[in-house]
Amino acid sequence: MIIVFGSINLDLVVALPRLPRPGETIVGPDHQAFAGGKGANQALSARRAGASVRMVGAVGSDSHAGPALANLTAAGVDLSHVRHLEGATGIAMIGVDAGGENLIMCASGVNARVVPEWLDGCLETGDLLVLQRELEAEPIAEAVRRAEAVGARVLLNTAPSGDTALAGLVDRVDIVVANEAEAAELAQARGAAGTDAEAHCAALAGPERLAVVTLGGRGLVARRGKKRWRVAARAVEVVDTTGAGDAFVGALAAALDRGAPVERALCEGTAAGALACTANGAQSSAPDADAIAALADTLTCSAE
Ligand code: RIB
């Protein structure tokens, strides 16, 4: 089973002709509200990709809580470990430009009060624990420790920041997924000398640890021990890139959780990330297993 320990947000999205610079105001039409949060997005993506998924996190006591959980409920994600706390549900204010690029500002709300004790009794040997960096650093580190204690595997997605609090944790996880900027930041914190994505990926990988560095429209590089993989992305018509990284992580986790070979898991993650760019919203765009498989079948993962 996949256990996602992470953030749950409501995303307030405005389509803009272009993203604002500091100090600038750009006006768009009506906003749209979508369920979001990196943790919730990844839980939904993994579920739509076919995995059994449990979400551990929190929503507030406000009117945003219901809409933030609606897609997870509809998809059959186990929400029995999502707490309803007094306070505000996490919010993300998102601008999306005409090319689908985004700018995100988050207010954590009750996500900042998520504690690792909520994992006790719901994380078992053989589970895959999926983490991101939208919770506080301390609960993330404690969650890794709990996974170690019960013999669960850990996938750490470093989004939205390769902050140095994560650098020491990398050695304790089984799979690390970072975008180019996060990988560079983490690799530097770990004393890596090289400057390209391959070098950064090598700095995050281990003899048994799979490191994946996503390259947006250029695909990905991955490494475990001396083995290296590369997947070229398929060009799609980009509407909104929000949540594409989360769709990638969820589908990758689902494939690895069912025991798919690394090559296939990387292709399915890449396919899910690409498909997620073709519609608005972080969750509405997360593809199902059939759509992922159809596109993944057309991708090639080269191995060295
Ligand atoms: O990765 C996309 C997500 O980042 C959005 O859904 C938003 O909630 C922010 O957490």
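Reading the values: the criteria
- Residues numbered from 1 in each chain as written.
- Predicted model: local features only at pLDDT ≥ 70, side-chain atom pairs only at ≥ 80, totals over all residues.
- Heavy atoms only, no water.
- UniProt positions renumbered as here; feature names shortened; annotations may be inferred.
- Core = buried A, V, L, I, M, F, W, Y, C linked by side-chain atoms within 4.5 Å.
- Buried < 20%, exposed > 50% of the residue type's maximum accessible area, 1.4 Å probe, protein only.
- Contact = heavy atoms within 4.5 Å.
- Helix = DSSP H or I, 4+ residues; strand = E, 2+ residues; numbered from the N terminus.
- Expected span 1.5 Å × (residues − 1).
- Arc of directions from axis to C-beta.
- Pairing = 2+ DSSP bridges.
- Axes fitted to C-alpha atoms, helices over the stretch in contact; angles between N-to-C directions.
- Near = heavy atom within 4 Å.
- Polar contact = N/O pair within 3.5 Å; in protein donor to acceptor, adjacent residues only side chain to side chain.
- Nonpolar A, V, L, I, M, F, W, Y, C, P; charged D, E, K, R; others polar.

Taking an unreviewed UniProt entry as the reference, the chain is identified by name as Ribokinase belonging to Stappia taiwanensis. Here the chain is described in UniProt, under the heading Subcellular location (unreviewed entry), as follows: "Cytoplasm". Check the Subunit (unreviewed entry) section of the UniProt entry for the chain; it says "Homodimer."

Undergrad: Sorry, what's going on with the nonpolar core here?
TA: Note that soluble globular proteins tend to have their nonpolar side chains buried in a common cluster. In this structure, Ile2, Leu155, Leu252 and Leu266 are the most contacted members of the largest nonpolar core, which totals 53 residues. Not counting residues up to four positions away in its chain, the partners in contact with Leu252 are Leu155, Ile175, Val177, Ala265, Leu266 and Gly269. Judged by nonpolar contacts, the second largest core, of 38 residues, contains Ala58, Val176, Ala183 and Ala197.

Undergrad: What's the story with helix H3 (residues 137–150) in this structure? I'm lost.
TA: In an α-helix there are 3.6 residues to a turn, and that puts residues three or four apart on one side. The end-to-end C-alpha distance of H3 is 21 Å, a good match for the 20 Å that 14 residues give at a rise of 1.5 Å each. Among the residues of H3, those classed as buried are Pro139, Ile140, Ala143, Val144, Arg146 and Ala147. Projection of H3 onto a plane perpendicular to its axis shows the buried side chains occupying an angular sector of 160 degrees, all on one side. The outward face of H3, more than 90 degrees from its buried face, is lined by the exposed residues Glu138 and Ala149.

Undergrad: I'm lost on the sheet that holds strand S1 (residues 2–5) in this one. Help?
TA: Strand pairing in a sheet relies on backbone hydrogen bonds. The paired strands run either parallel or antiparallel. Pairing is mixed across the open sheet formed by 10 strands, whose spatial order is S5-S4-S1-S8-S9-S10-S11-S12-S13-S14. This sheet does not close on itself; its edge strands, each paired only once, are strand S5 (78–84) and strand S14 (301–303). When the angles between neighbouring strand axes are averaged without regard to direction, this sheet yields 15 degrees. Note that strand S13 (residues 227–231) and S14 share 3 bridges and pair antiparallel.

Undergrad: Help me out: how do you make sense of the site of the ligand in this one?
TA: Surveying the vicinity of the ligand reveals 13 residues, the closest of which are Asp11, Gly37, Lys38, Glu134 and Asp246. The separation between an oxygen atom of the ligand and a polar side-chain atom of Asp11 is 2.6 Å. Between the ligand and the protein, one listed contact pairs an oxygen atom with a side-chain N or O atom of Lys38 at 2.6 Å. Breaking the shell around the ligand down by element, the ones donating at least two residues are strand S2 (9–15), helix H1 (38–48) and strand S7 (102–107). Considered class by class, the residues forming the shell around the ligand number 4 nonpolar, 5 polar and 4 charged.

Undergrad: Looking at this structure, how should I read the UniProt feature "binding site: ATP" (unreviewed entry) in the chain?
TA: Within the UniProt annotation, "binding site: ATP" (unreviewed entry) is assigned to Asn179, Thr214, Leu215, Gly216, Gly217, Arg218, Gly219, Gly245 and Asp246. Checked against the element boundaries, Gly219 lands in the loop between strand S11 (210–214) and strand S12 (220–224). Sequence-distant contacts of Gly219, defined by excluding residues within four places in its chain, comprise Val213, Thr214, Val231, Ala232 and Ala233. As for its position among the elements, Asp246 is in helix H7 (residues 244–257). Every residue in contact with Asp246, bar those within four places of it in the chain, is listed here: Lys38, Asn41, Gln42, Ser45 and Asn157. Reaching out from Asp246, the side chain makes a polar contact with the side chain of Asn41 at a distance of 2.9 Å.

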